[in-house]
Amino acid sequence: MASNIKTVSTCHPPEMVQGTHVFDVLGYSKHRGLGAQYFIRSGVFTVAGHEWCLRLYPEWADNFDFVSVYLRLLHTDAKVNVSCDLRLIDPATGLSKSSHPALVNMRVLEPKDTMAYHCMMMQRSELEGTYVKNDRLTMECVVTVRKEPRVSKTKVFPRIKVPPSDIKRQLANLLDGKDGADAMFSVAGEIFEAHKVMLAMRSPVFKAQLYGPMSETGKEPIIIEDMQPDVFRAFLYFVYTDSMKGLDELEADYNSENCKLIHHLLVAADRYDVVRLKLICQSILCKNLDVKNVATTLALADQHHCDRLKDACIDFMSCLSTMDHLVATHGYQDLARTSPSVLDDAMARIGKMTKD
């Protein structure tokens, strides 16, 4: 499974850089009468690393009734976010006043455009009547550049890797190591040591046997009848780890010996009421049904109250094109001899399925 890598970057607020340029026009009247295309250019000034200049058009428009000013961006290949507040100096008070507040807003100047910001449009009569004195006009240009937001380098988001759970391995080691074991079992002469609390937690039958009123508290091993050591060993492993040892290999190479082991484990799971193990065994048996084992599996399912496995066996039998090979198996003959009612019920249900 691919790991989920999380990365992070941070965008900082855009930086605002402001600069002010004062432009004095002396002999203002000498620039009159030169046409609408004539302009007076200020000196070049720098704001936020960009070069700018002002262009004053004394006779803007066809009727020459207006004076206009533009802020021009010089020599750049990048777009610039800028606002321009052009203020006129009142010679009577020395105070400045925005010539056109409505034009003061942030705009984008791009190389593909004219890169000019229109920052004043005023009737000549108003301009010359109020702001020109002694043939001198003084304007103050406040340029504000908003820089692109600064984004940090992308970093891998800090994380703490959590290893997968190893409780299964630890519990298997507890079973193998026998540290603290306080229960012994004898299975066909072989001694097994285990932990009462683990057995009682996983099996209500063990709980009653080990902690109930009739609990076996002596030091002698508890005798387990009708079970082989290999089966009890596999059963204990599941009780401790909630998994079957070598399950993948068992399913990949399912043979008659493995089939017998699963049969015996199902019996043990039913005997000690370990529900999940019982269902796992039923699932394995169901996936591996064939003509040779279906009758034996049907008998097992009936004896240990495995209704879903029993239904699966009958469904499998109903899908056979002929019953001849099934009838010839030892499992079928044993079922007919020992549990004829089970076989009769199965055949009745198969007959009903066939009619439907």
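Here the structure is a predicted model, which is why all the values come from computation and not from measurement.

## Considering the environment of Ser339
In step 1: Looking at the secondary structure, you find Ser339 in the loop between helix H12 (330–338) and helix H13 (340–355).
In step 2: When the C-alpha atoms of Ser339 and Leu199 are compared, they prove to be 34 Å apart, with 140 residues separating the residues in sequence.

## Here's the deal with the environment of Gln282
In step 1: Along the chain, the position of Gln282 falls in helix H8 (residues 275–287).
In step 2: Residues Gln282 and Leu265 lie 17 residues apart in sequence; the distance between their C-alpha atoms is 10.0 Å.
In step 3: Once residues within four sequence positions are removed from consideration, Gln282 is found in contact with Leu266, Cys306 and Leu309.

## Points about the side chain of Lys278
In step 1: If you trace the backbone, Lys278 turns up in helix H8.
In step 2: Among the polar contacts listed, one links the side chain of Lys278 to the backbone oxygen of His304, at a separation of 2.8 Å.

## Some words on the nonpolar core
As a rule of thumb, nonpolar side chains are buried together in soluble globular proteins.
In step 1: The biggest cluster of nonpolar side chains holds 41 residues, and the ones touching the most others in it are Phe185, Leu199, Phe232, Phe235 and Ile262.
In step 2: Ranked by residue count, the leading element in this core is helix H5 (residues 229–241), at seven residues.
In step 3: Look past the residues within four positions of Phe235 in its chain and what remains in contact with it is Phe206, Leu265, Ala268, Ala269, Tyr272, Val274 and Leu277.
In step 4: Counting residues in each nonpolar core, the second largest holds 33 residues, with Ile40, Leu56, Tyr117 and Leu127 among its members.

## Some remarks on the packing of aromatic side chains
In step 1: Per the counting criterion, the structure on display carries nine aromatic pairs.
In step 2: Plain terms: the ring middles of Tyr57 and Tyr70 are 5.8 Å apart, the flat faces sit at 80° to each other, and that makes the pair edge-to-face. Here Tyr70 lies in strand S6 (residues 66–74) and Tyr57 lies in strand S5 (residues 50–60), a separation of 13 residues in the sequence. For the pair Tyr57 and Tyr70, a shared accessibility class is recorded, and that class is buried.
In step 3: Their ring planes at 40° and their centres at 6.3 Å tell us that Phe232 and Phe235 sit as a pair that is tilted. Of this pair, Phe232 and Phe235 both sit in helix H5, three residues apart, which is roughly one turn of the helix. Phe235 matches Phe232 in its accessibility class, with the two residues each being buried.
In step 4: Taken together, Phe185, Phe192, Phe206, Phe232, Phe235 and Tyr272 form an aromatic cluster joined through their ring pairs.
In step 5: Over the ring of Phe157 we find Lys6, and its NZ or CZ is 4.7 Å from the ring centre.

Criteria and thresholds
Residues numbered from 1 in each chain as written. Predicted model: local features only at pLDDT ≥ 70, side-chain atom pairs only at ≥ 80, totals over all residues. Heavy atoms only, no water. Helix = DSSP H or I, 4+ residues; strand = E, 2+ residues; numbered from the N terminus. Contact = heavy atoms within 4.5 Å. Polar contact = N/O pair within 3.5 Å; in protein donor to acceptor, adjacent residues only side chain to side chain. Core = buried A, V, L, I, M, F, W, Y, C linked by side-chain atoms within 4.5 Å. Buried < 20%, exposed > 50% of the residue type's maximum accessible area, 1.4 Å probe, protein only. Phe/Tyr/Trp six-rings, centres within 6.5 Å; stacked < 30°, edge-to-face > 60°. Lys NZ or Arg CZ within 6 Å of the ring centre and 35° of its normal.

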